[in-house]
Amino acid sequence: MSATIIDGKSVSQEIRSEVKELAGKLKQGSGITPGLAFILVGNNPASEVYVKNKAKACESLGFYSVTEKMPENASQDEVIDKIEEFNGDERVHGILVQMPLPKHMNEYEVIEAIDPSKDVDSLHPFNIGLYSEAKSWKEIMDKRLLLPCTPYGMMILLDKYGIDVEGKKAVVVGRSNLGGKPTAALLLSKNATVTIAHSRTQDLKEVCREADILVAVIGKANFIGKDFIKPGAAVLDVGINRTDAGLVGDVYFEAAKEVAGWITPVPGGVGAMTISMLMMNTYMAATRNAETANSKHEILNSKQIQNSEPHTRKG
Ligand code: NAP
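Residues numbered from 1 in each chain as written. Predicted model: local features only at pLDDT ≥ 70, side-chain atom pairs only at ≥ 80, totals over all residues. Heavy atoms only, no water.

## Re the nonpolar core
Counting residues in hydrophobic clusters, the biggest one holds 58 residues, and the most contacted among them are L187, V215 and M279. Per-element accounting of this core gives the leading share, 10 residues, to helix α11 (residues 274-314). Two domains each put at least three residues into this core: domain 1 (30-115) and domain 2 (140-272). Sequence-distant contacts of M279, defined by excluding residues within four places in its chain, comprise V19, L36, K54, A57, C58, L61 and F63. One finds A37, I39, A74 and F86 within the second-largest nonpolar core, a separate group that totals 20 residues. (Core = buried A, V, L, I, M, F, W, Y, C linked by side-chain atoms within 4.5 Å. Buried < 20%, exposed > 50% of the residue type's maximum accessible area, 1.4 Å probe, protein only. Helix = DSSP H or I, 4+ residues; strand = E, 2+ residues; numbered from the N terminus. Domains from an automatic or database assignment. Contact = heavy atoms within 4.5 Å.)

Pasting the structure below:
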């Protein structure tokens, strides 16, 4: 048996077309153009490429974008001042501080300076709290919560490929705040029975072999071999590892695809979804802004009505 290869690239394109259309309608209806601000500190070449690619995606969707480049020796206060400037900038609906930050900064304090309604990476504790406490995926969708982009992309892939999550056993290997933990929370919201495994997990192979859905967010090239995989399981590989042989995931793809039911390749799988979900989040943040603008408008109108009442009576 050979697994169905989950084509993250093509689903990602679908999402982008959808966002482009939605953003066009938003602009037509309310005059609002979704806008995203990037803060890039230092000269990390990988971070520069990531920001460039995200800015390119903005351009292709007709979004407004602005990149603030700051030197490696910028102070944390200077970065926070910039964030506060973008918090108050009406053209900006999303703020993304490219990680990692230089060592002299506290990433948590920097993230906490972002207005949660503009936190399109969904890293602010307020947003983590909102999606973690939601009782279902439906509630998450109905409330249009901002979700961390990579785990959000994974949920879309599961959905697009008709992979059943409800009541299934899911094992997430990795417990980072960016990867494993939010992935587990989203799988839980879809009623999976979730286990989070990590470097101290005993009998990891056996734990993984129980999984109907196995997610690897580890950062170790080809770590998950075919003997970790239950036949027919859906295997989602978040790992991105640079090796002499090129970019590879945490899953040993060639062997795993012979056992799995579905599998994401690296590159072209989960990773391909991340920027599209960032665009989706930015669009969502902009629509909320449109609603705030509308409700402000309603309040103003109702004030005008109240203020005009005496005149009406007098007249
Ligand atoms: P991280 O912060 O280093 O976390 C790695 C996790 O893997 C930790 O929880 C660690 O356990 C666990 N782990 C390490 N060795 C293990 C072992 N031998 N057995 C079981 N668990 C083990 O890394 P991360 O930020 O989550 O990223 C993980 C990978 O995903 C990286 O390759 C990264 O590039 C990739 N990634 C990709 C995207 C994307 O596609 N856009 C986004 C995010 C991350 P402990 O907690 O016990 O140390």
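## Let's talk about the domain arrangement of the protein
With domains assigned, the protein is organised as domain 1 (30-115) and domain 2 (140-272). Distance between the C-alpha centres of domain 1 and domain 2: 28 Å.

## Some points on the site of the ligand
Neighbouring the ligand are 19 residues; R175, S176, S199, I240 and T274 lie closest to it. Between K220 and the ligand, the recorded distance is 3.1 Å, taken from a side-chain N or O atom to a nitrogen atom. The contact in question runs from an oxygen atom of the ligand to an N or O atom on the backbone of V238, over 3.5 Å. Here the shell around the ligand is built from residues that sort into seven nonpolar, 10 polar and two charged. (Near = heavy atom within 4 Å. Polar contact = N/O pair within 3.5 Å; in protein donor to acceptor, adjacent residues only side chain to side chain. Nonpolar A, V, L, I, M, F, W, Y, C, P; charged D, E, K, R; others polar.)

## Quick word on the packing of helix α7 (residues 149-160) against helix α8 (residues 180-189)
Taken N-terminus to C-terminus, the directions of α7 and α8 make an angle of 40 degrees; their axes are 9 Å apart at the nearest point. Classified by the angle their axes make, α7 and α8 are oblique. For the crossing formed where α7 meets α8, the hand is right-handed. Within the contact between the two elements, α7 uses P151, Y152, M154, M155 and L158 and α8 uses P182, T183, L186 and L187. Residues that form the contact of α7 with α8 fall into these classes: eight nonpolar, one polar and no charged. (Axes fitted to C-alpha atoms, helices over the stretch in contact; angles between N-to-C directions. Parallel < 35°, antiparallel > 145°, perpendicular 65-115°, else oblique. Left-handed = near helix turned anticlockwise from the far one by under 90°.)

## Quick look at the sheet that holds strand β5 (residues 169-173)
Reading across the sheet, the six strands line up as β1-β11-β8-β7-β5-β6 and stay open at both edges, with parallel pairing between neighbours. The open sheet has two free edges, formed respectively by β1 (4-5) and β6 (193-197), since each of these has just one partner strand. Across the sheet, α8 is in contact with β5, β6 and β7 (213-216); its angle to β5 comes to roughly 170 degrees. (Pairing = 2+ DSSP bridges.)

## A closer look at a negative patch on the surface
Together, D77, E78, D81 and E84 make up a region of like negative charge exposed at the surface. If you trace the backbone, D81 turns up in helix α3 (residues 76-87). The exposure class assigned to D81 is partly exposed, which follows from its relative accessible area of 48%. (Patch = residues over 30% accessible without salt bridge, like charges linked within 9 Å, V, L, I, M, F, W, Y side chains within 5 Å. Areas by Shrake-Rupley, 256 points an atom, 1.4 Å probe, with all protein chains shown as cover. Salt bridge = Lys/Arg side-chain N within 4 Å of Asp/Glu carboxyl O. Lys, Arg positive; Asp, Glu negative; His and termini not counted. Charge placed at Lys NZ, Arg CZ, Asp CG, Glu CD.)

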